[in-house]
Amino acid sequence: MNEPIIRCEGVVKRFGELTVLDHLDFTVDPGEKVTIIGPSGSGKSTVLRVLMTLERINEGVVYVDGEPLWHEQGAKGLEPASEAHLRKMRQKMGMVFQHFNLFPHMTVLRNLTEAPRYVLGLSPREARQRAEELLELVGLSDKAEAFPSQLSGGQQQRVAIARALAMRPKIMLFDEPTSALDPELVGEVLRVIRSLAEEHELTMLLVTHEMDFARRISDRVCFFDQGRILEQGPPEEIFSSPKEQRTREFLHAVLHPEE
Amino acid sequence: MLFGIEWDTSTSWAFAWSILPILLRGMVVTIQASLLGFFVALGLGLLLASLKGVPLKIIAWPAAFITEFLRDTPLLIQLFFLYYVLPDYGIVLPAFLTGALALGVQYSAYTAEVYRAGIQAVPRGQKEAARALNLSERLTFIHVILPQAVVRIVPAMGNYLVSIMKDVPVLSVVTVLEMLNVAKIIGDRTFNYLIPLTMVGALYLLLTLVAAWGVRVLDTRLPKRGIPLK
Amino acid sequence: MEWTRYIDPLLQGCWVTIELTVYSTILGTLLAFGAGMGKLSHNPLIKALSVTYIEVFRGTSLLVQLFWLYFALPLLGELIGLDLRFHPVTVGVLALGLNIGAYGAEVVRGAVQSVPRTQYEAAKALNFTRTQTLWRIALPQALPEMMPPFGNLAVQNLKDTALVSLISLGDLAFRAEQLRNLTQDSTTIYTMVLFMYFGMALVLAALMGLLERHVGRWRHRRR
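Residues numbered from 1 in each chain as written. Chains lettered and ligands numbered in written order. Predicted model: local features only at pLDDT ≥ 70, side-chain atom pairs only at ≥ 80, totals over all residues. Heavy atoms only, no water.

Draft legend 1. Here's a closer look at the sheet that holds strand S9 (residues 171-175) of chain A. Residue and element names in this part refer to chain A. The 6 strands are arranged S8-S9-S10-S3-S11-S12 in an open sheet whose pairing can be described as mixed. At either end of the open sheet lies a strand with only one pairing partner, and these are strand S8 (93-96) and strand S12 (228-233). Here the strands of the sheet are splayed against their neighbours by 20 degrees on average, with no regard to which way each runs. Pairing of S8 with S9, which is carried by 4 bridges, proceeds in the parallel orientation. Looking across to S9, one finds that Met93 is bridged to Ile171. Each of strand S3 (33-37), S9 and strand S10 (203-207) touches helix H6 (residues 183-199); the most contacted strand, S10, lies at about 150 degrees to it. (Pairing = 2+ DSSP bridges. Helix = DSSP H or I, 4+ residues; strand = E, 2+ residues; numbered from the N terminus. Axes fitted to C-alpha atoms, helices over the stretch in contact; angles between N-to-C directions. Contact = heavy atoms within 4.5 Å.)

As structure tokens, this is what we get:
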């Protein structure tokens, strides 16, 4: 059995009075595709943001790829991580945001080459080659010289996926990647994510409201409620015969909103 | 000796201490010139802004040109113009008044813009709502637009008062005895410029800090909803 | 016609005014970026230095600064045993640049702070360092935001150059004063000078407008 690539132990995250993650225990195996579902405010996105080091945690330990994320092994046990350690850990992960967050002042190509060149130290040629391959993967080879403002939302999100992949992460975090899109543009983004899931060894962690999609691509679905995992299991099990009342209510509300 | 006050050049500290009252006399002139110039700017700016708003192009366009012209030409030249040209047409003003007038003329271009922006910043819906209630154009302006515009206009005007203070030293060229001129004269007579000029810098810092603080207090005191006029 | 005789000396003055404007605007821009970014720095020393510079030069009058550098600085130099007497051109450029730089620094700081938080998050997710994020992601996006206030500051700077005539630099204002002493024809001379400054300001504003469109070109592209 492999070591899990992500392991959260008793993670607590508070925003002032509000507890967003409440002693969360959570593991992900290498190569596993995990979907997180749940009502808004249940802490789904916060898990991804904690993993990407965009939010600090208040308690607990997170391990990524065998090393503590927010801590370093010091002389007297775990100590808060230095910026150098955080930078090393960030290297393992890539993130796709709900609102794409492309750099508006750069062409699509430069969005993809900037970090590989200046963070990874690739040569301009290597970075460009890598970017072109990825643009082909997401079907946007003809948009290399366009600016983000010239693209549709779906195209921008595909560029954002390519941009994250250009850093060759082991883990990809998708934070509601289709929630900001017009309905007719959702499909093209989901197709890209799905082909990634099927053809690559990447570990993927996805927060989404697209239940059909979650059912098709995930190895495991986690239902978040009030900062914890209330129920998890293979998609068939969660979607067809959820054990918990809250899960049933949530799925019913999402799948049959008019009732 | 200046303003009947002697200075003591025995030590640096004694010198600084002895010229402080003289510099403070200059500061009083600085403040007086600022305030007078500020009120001229408020009035003249309102006039320019109103003329710019007139629907008749033959009035609005020259007003817009004058505003732009005043904004784009140096205070020093405007001051020289008033100082040397007005007497040619029989208008002889004391230097202090000419100076304050020049400050007012220069800054009227800025205050005109503040009035315009303040009124324009009131949402269109407010005017439409008032019209829907059958308020007249005049009453709409007085009771709906102006009270909401005032809270935006006052702090911006306060900032220009601070700017005017910093421009008062320019009046020294027409012999107004404001703070910098006083310090310069002391320097000319004692060959020690370092102490008086440094003191003027420090006093200026104090003056603008206090004034900026006043503007901030005023800003926080103003109700964001607007000020009813009655 | 009398006024044609004034054109040559006044144009010579214009040239000096233009030179002063260009040099001091360049110096001011460098200082604005240095101090503006310095104020956002996490290094307390750099931050304190930047804040002090900005407050002192925004809080005092340009003419006070000019006179201090011209009259007082050499005396300070004598006290500490350094030769701090500079050519009036140097003093003029220094005073103008330091003054406009302090105002520009606040523009830079404000524009950089207006870059959305999500851009910093995206940069962090791609593992850019703080410095890289500031210079590669935040600053280029803030640049178009800075251009309109920078345009105003450049015109302000042009107008401010008139003050260097008071330390006997032969700029347009100085030439005008010379001619007036010579001819007493104040109305003609000062009217011409006002229009010359106006013309230069319009050209400068147009140039800054072109620059604004250039640095913001990614903003105007639409599908």
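Now that the structure has been shown, the text picks up again.
Draft legend 2. Region of interest: the pairing of S10(A). Residue and element names in this part refer to chain A. Of all 5 residues in S10, 5 are buried, a share of seventy percent or more. Alternating residues of S10 divide into Thr203, Leu205 and Val207 and Met204 and Leu206, and every residue in both groups is buried. Bridge analysis of S3 against S10 gives 4 bridges, and the strand direction is parallel. Its bridge partner being in S10, Ile36 is matched across the sheet by Val207. As for the winding sense of the linkage, the β-α-β connection from S9 through H6 to S10 is right-handed. (Buried < 20%, exposed > 50% of the residue type's maximum accessible area, 1.4 Å probe, protein only. Right-handed = clockwise from strand over helix to strand, strands pointing away.)

Draft legend 3. Fine view of the side chain of Ser41(C). Residue and element names in this part refer to chain C. Within the secondary structure layout, Ser41 lies in the loop between helix H1 (4-39) and helix H2 (44-59). From its side chain, Ser41 meets the backbone nitrogen of Asn43 in a polar contact 2.9 Å long. Those residues in contact with Ser41 that sit more than four places away from it in its chain are Ile46 and Lys47. (Polar contact = N/O pair within 3.5 Å; in protein donor to acceptor, adjacent residues only side chain to side chain.)

Draft legend 4. Fine view of the interface of chain C and chain A. In this complex, chain C contributes 21 residues to the contact, which on the side of chain A involves 28 residues. Per-residue buried area on chain C facing chain A is highest for Leu126(C), Asn127(C) and Trp218(C); these three make up 27% of the total on that side. Across the chain C-chain A interface, the total number found is 2 salt bridges. Between Glu114(A) and Arg136(C) there is a salt bridge; the shortest N-O distance is 3.1 Å. The interface formed by chain C and chain A holds 9 residue pairs in polar contact (both at pLDDT 80 or more) in total. Secondary-structure elements contributing two or more residues to the side of chain C that touches chain A are helix H5 (117-125) and helix H6 (130-160) of chain C. The dominant element in the side of chain C that touches chain A, judged by the number of residues it contributes, is H5(C), at 8 residues. In the side of chain C that touches chain A, the residues fall into 8 nonpolar, 6 polar and 7 charged. (Buried area = accessible area lost by both parts, 1.4 Å probe. Salt bridge = Lys/Arg side-chain N within 4 Å of Asp/Glu carboxyl O. Nonpolar A, V, L, I, M, F, W, Y, C, P; charged D, E, K, R; others polar.)

Draft legend 5. Layout of helix H4 (residues 95-120) of chain B. If you check H4(B), its first and last C-alpha atoms are 38 Å apart, about what 26 residues at 1.5 Å a residue would give, namely 38 Å. Of all the bends found along H4(B), the most pronounced is centred on Ser108(B) and spans about 40 degrees. (Expected span 1.5 Å × (residues − 1). Bend = angle between axes of the 7 residues up to and from the residue.)

Draft legend 6. Region of interest: the environment of Val138(A). Here Val138(A) lies in the loop between helix H4 (124-137) and helix H5 (153-165). Residues Val138(A) and Val189(A) lie 51 residues apart in sequence; the distance between their C-alpha atoms is 8.6 Å.

Draft legend 7. Broad picture of the interface of chain C and chain B. Taken together, the contact pairs 37 residues of chain C with 37 residues of chain B. It is Lys159(C), Leu194(C) and Phe198(C) in chain C that bury the most area against chain B; as a group they hold 20% of the surface buried on that side. Between chain C and chain B we count 0 salt bridges in total. Linking chain C with chain B are 10 residue pairs in polar contact (both at pLDDT 80 or more). Broken down by secondary-structure element, the contributors of at least two residues to the side of chain C that touches chain B are H2, helix H3 (62-80), H6, helix H7 (172-183) and helix H8 (186-215) of chain C. In terms of residue count, H8(C) provides more of the side of chain C that touches chain B than any other element does, 11 residues in total. A class-by-class count of the residues in the side of chain C that touches chain B yields 24 nonpolar, 8 polar and 5 charged.

Draft legend 8. Region of interest: the sheet that holds strand S1 (residues 6-15) of chain A. Residue and element names in this part refer to chain A. Strands sit in the order S2-S1-S4-S5 across an open sheet of 4 strands; the sheet is antiparallel. Two strands in the sheet have a free side with no partner beyond their single neighbour: strand S2 (18-28) and strand S5 (67-68). Direction of pairing for S1 relative to S2: antiparallel, over a ladder of 7 bridges. Note that in S2 the partner of Val11 across the bridge is Leu24. On the sheet, helix H1 (residues 44-51) packs against S1, S2 and strand S4 (59-64) and is oriented at approximately 70 degrees with respect to S2.

Draft legend 9. Up close: the UniProt feature "transmembrane region" (unreviewed entry) in chain B. All names here are of chain B. As recorded in UniProt, the feature "transmembrane region" (unreviewed entry) lies at residues 22-47, 91-110 and 193-215. Between the end C-alpha atoms of residues 22-47 there is a gap of 38 Å, over a span that is 100% helix and 0% strand. Within the segment residues 91-110, helix and strand shares are 80% and 0% respectively, and the terminal C-alpha atoms sit 26 Å apart. (UniProt positions renumbered as here; feature names shortened; annotations may be inferred.)

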